[in-house]
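Structural description and commentary
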Amino acid sequence: MKSTFSRFFGSGEKVENASKNEVDNTESVVKLAIEKISPNRYQPRTIFDDSKIEELARTIHTHGVIQPIVVRKLENDRYEIIAGERRYRAMKSLNWTEVPAIIRDMNDKETASVALIENLQREELTSIEEAQAYQKLLELHELTQEALAQRLGKGQSTIANKLRLLKLPETIQKAILKREISERHARALVPVKDEGLQMQLLQETIEHDYNVRQLEQRINEILNPEEKPKRAKSRRKAISKDIRIALNTIRQSLTMVNKTGIHVETEEEEHDEFYQITVKIPKKKV
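Below is a summary of the structure that appears in this document.

Procedures and definitions
- Residues numbered from 1 in each chain as written.
- Predicted model: local features only at pLDDT ≥ 70, side-chain atom pairs only at ≥ 80, totals over all residues.
- Heavy atoms only, no water.
- Helix = DSSP H or I, 4+ residues; strand = E, 2+ residues; numbered from the N terminus.
- Buried < 20%, exposed > 50% of the residue type's maximum accessible area, 1.4 Å probe, protein only.
- Areas by Shrake-Rupley, 256 points an atom, 1.4 Å probe, with all protein chains shown as cover.
- Contact = heavy atoms within 4.5 Å.
- Polar contact = N/O pair within 3.5 Å; in protein donor to acceptor, adjacent residues only side chain to side chain.
- Core = buried A, V, L, I, M, F, W, Y, C linked by side-chain atoms within 4.5 Å.
- Axes fitted to C-alpha atoms, helices over the stretch in contact; angles between N-to-C directions.
- Parallel < 35°, antiparallel > 145°, perpendicular 65-115°, else oblique.
- Nonpolar A, V, L, I, M, F, W, Y, C, P; charged D, E, K, R; others polar.
- Salt bridge = Lys/Arg side-chain N within 4 Å of Asp/Glu carboxyl O.
- Pairing = 2+ DSSP bridges.

With that settled, consider the overall build of the protein chain. Along the protein chain, the regular secondary structure elements total 13 helices and seven strands. In the protein chain, which comprises 286 residues, the proportion classed as buried is 41%. In the structure as shown, the protein chain presents an accessible area of about 17,000 Å², 46% of it carried by carbon and sulfur atoms.

This part covers the environment of Asn40. Considering the arrangement of structural elements, one finds Asn40 in the loop between strand S2 (37–38) and helix H2 (50–63). By relative accessible area, Asn40 is classed as buried at 6%. Those residues in contact with Asn40 that lie beyond four places of it in its chain are Glu80, Ile81, Ile82, Glu85, Thr111 and Ala115. In terms of polar contacts, Asn40 uses its side chain to reach the backbone carbonyl oxygen of Ile81, at 2.9 Å. A polar contact is formed between the side chain of Asn40 and the backbone oxygen of Ile82, at a distance of 3.4 Å.

The subject of this paragraph is the nonpolar core. Proteins that are soluble and globular tend to have nonpolar side chains buried together. Judged by nonpolar contacts, the single largest core of 18 residues is most densely connected at Ile181, Leu189, Leu201, Leu215 and Ile219. Every element with two or more residues in this core is listed here: helix H8 (170–177), helix H9 (183–189), helix H10 (195–208) and helix H11 (212–223). Per element, the largest residue contribution to this core is four residues, and it comes from H8. Discounting residues that sit within four places of it in the chain, Ile181 has contacts with Ile172, Ala175, Ile176, Ala186, Leu202, Thr205 and Ile206. Core analysis: the next-biggest nonpolar cluster, separate from the first, contains 17 residues, Phe48, Val71, Ala90 and Met91 among them.

With that out of the way, let us pick up the packing of H2 against helix H3 (residues 85–93). Helices that pack against each other are described as a pair by the angle of their axes relative to one another and the distance between those axes. Contact geometry of H2 with H3 gives a least axis separation of 8 Å together with a crossing angle of 70°. In terms of axis orientation, H2 runs roughly perpendicular to H3. Within the contact between the two elements, H2 uses Lys52, Ile53, Leu56, Ala57 and Ile60 and H3 uses Arg86, Arg87, Arg89, Ala90, Met91 and Ser93. Among the residues forming the contact of H2 with H3, the class breakdown is six nonpolar, one polar and four charged.

This next bit is on the pattern of salt bridges. In the structure shown here, the tally under the stated rule is 14 salt bridges. With a shortest N-O distance of 2.9 Å, Asp209 and Arg251 are connected by a salt bridge. One end of the pair, Asp209, is in the loop between H10 and H11; the other, Arg251, is in helix H13 (residues 241–259), and 42 residues separate them in sequence. The network of salt bridges with common partners includes Arg41, Arg72, Glu80 and Asp108.

Spatially, the five strands line up as an open sheet ordered S1-S5-S3-S4-S2, and their pairing is mixed. Each edge of the open sheet carries a strand with a single partner, namely strand S1 (30–33) and S2. Direction of pairing for strand S3 (residues 69–73) relative to strand S5 (residues 98–103): parallel, over a ladder of three bridges. Residue pairing across strands places Ile69 opposite Ala101, the latter belonging to S5. Along the sheet face, H3 touches S2, S3, strand S4 (79–83) and S5 and points at about 125° away from the line of S4.

It is worth spelling out the side chain of Ser113 at this point. One can find Ser113 in helix H4 (residues 108–120). For Ser113, the side chain forms a polar contact with the main-chain oxygen of Lys109, separated by 3.0 Å.

Looking only at H3, the buried set comprises Glu85, Arg87, Tyr88, Ala90 and Met91. On its buried face, H3 is in contact with S2, H2, S3, S4, S5 and H4. Just beyond H3, the residue with positive phi is Asn95, at close to 65°.

On a regular strand, one side chain projects to one face of the sheet and the next to the other, so that they alternate. The buried fraction of S3 is high, at four of five residues. Across four bridges, S3 lies against S4 in antiparallel orientation. Within S4, the position partnered with Val70 by the bridge is Ala83. Taking the residues that link successive antiparallel strands as the turn, the S3-S4 hairpin has five residues, and the phi of Asn76 there is positive, at about 60°.

Moving on: the environment of Pro100. Along the chain, Pro100 falls in strand S5. A residue is classified by how much of its surface remains accessible, and Pro100, at 11% relative accessible area, is buried. Here the alpha-carbon distance between Pro100 and Val65, two residues 35 residues apart in the chain, equals 7.7 Å. Apart from residues no more than four positions distant in its own chain, Pro100 is found in contact with Val29, Val30, Lys31, Val65, Pro68, Ile69 and Met91.

Below, the structure written as structure tokens:
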């Protein structure tokens with residue numbers, strides 16, 4: 001059987017409809033013992049939201065599994081997930097002993113491609129996980145950034161900006177994975193070449209809850225000390241722990257809204273007497 005992804009990466013077609021091809025309607029669904037199934041070793045997602053898995057489990061418990069997982073057969077009568085790890089985790093949490101699955105004949109390269117692209121089409125990946133997925137696809141298919149961008153239907157600058165994040169120290173990458181700082185914060189740290197200084201700025205950003213503009217100003221103060229007197233008034237005043245918790249709670253709530261597929265636009269402003277967060281919610285899902 002010709003792999004779906006050999007068409008995408010062999011002929012240069014885009015992968016916008018890849019998820020639609022995850023399950024071929026002509027393929028047979030079988031029941032497999034869940035204990036014989038292993039997660040995908042090429043899974044780009046390193047952090048799974050337990051609350052989302054629990055929510056999916058409740059849906060599966062009520063309505064059943066609408067779409068079976070896709071697996072490939074390994075040695076010793078075992079199987080590896082190609083697509084559908086969230087469904088697998090949800091069913092496992094429900095203590096299911098058997099799960100509906102479709103068995104496909106795929107090699108390592110094809111399996112990795114499916115896992116990477118399936119996850120790239122979702123919104124929950126952090127920018128680091130996304131960057132790692134791009135890097136793996138570049139290596140697997142020996143593509144240039146421009147060729148990968150064309151096949152994924154993205155701009156080359158988008159791919160390049162994500163990949164630059166992988167040049168940051170592991171501590172900063174972990175901070176992005178844990179959503180302690182945003183991608184824009186991380187990108188502001190890329191031009192800082194001294195790793196010790198990067199660590200200092202990371203700590204300051206988390207401790208003082210810098211927004212991106214304030215972090216950029218702080219970097220400028222350090223790298224261009226002659227401009228410090230002019231920039232000093234722009235430094236952010238320390239805020240109380242309660243205010244930081246309130247702001248972070250709002251940001252986390254907005255992140256959860258974005259995960260539902262409703263892409264809200266937010267803008268934060270700091271005034272002398274208050275913080276202002278403007279939220280724009282589209283009337284239609286994009």
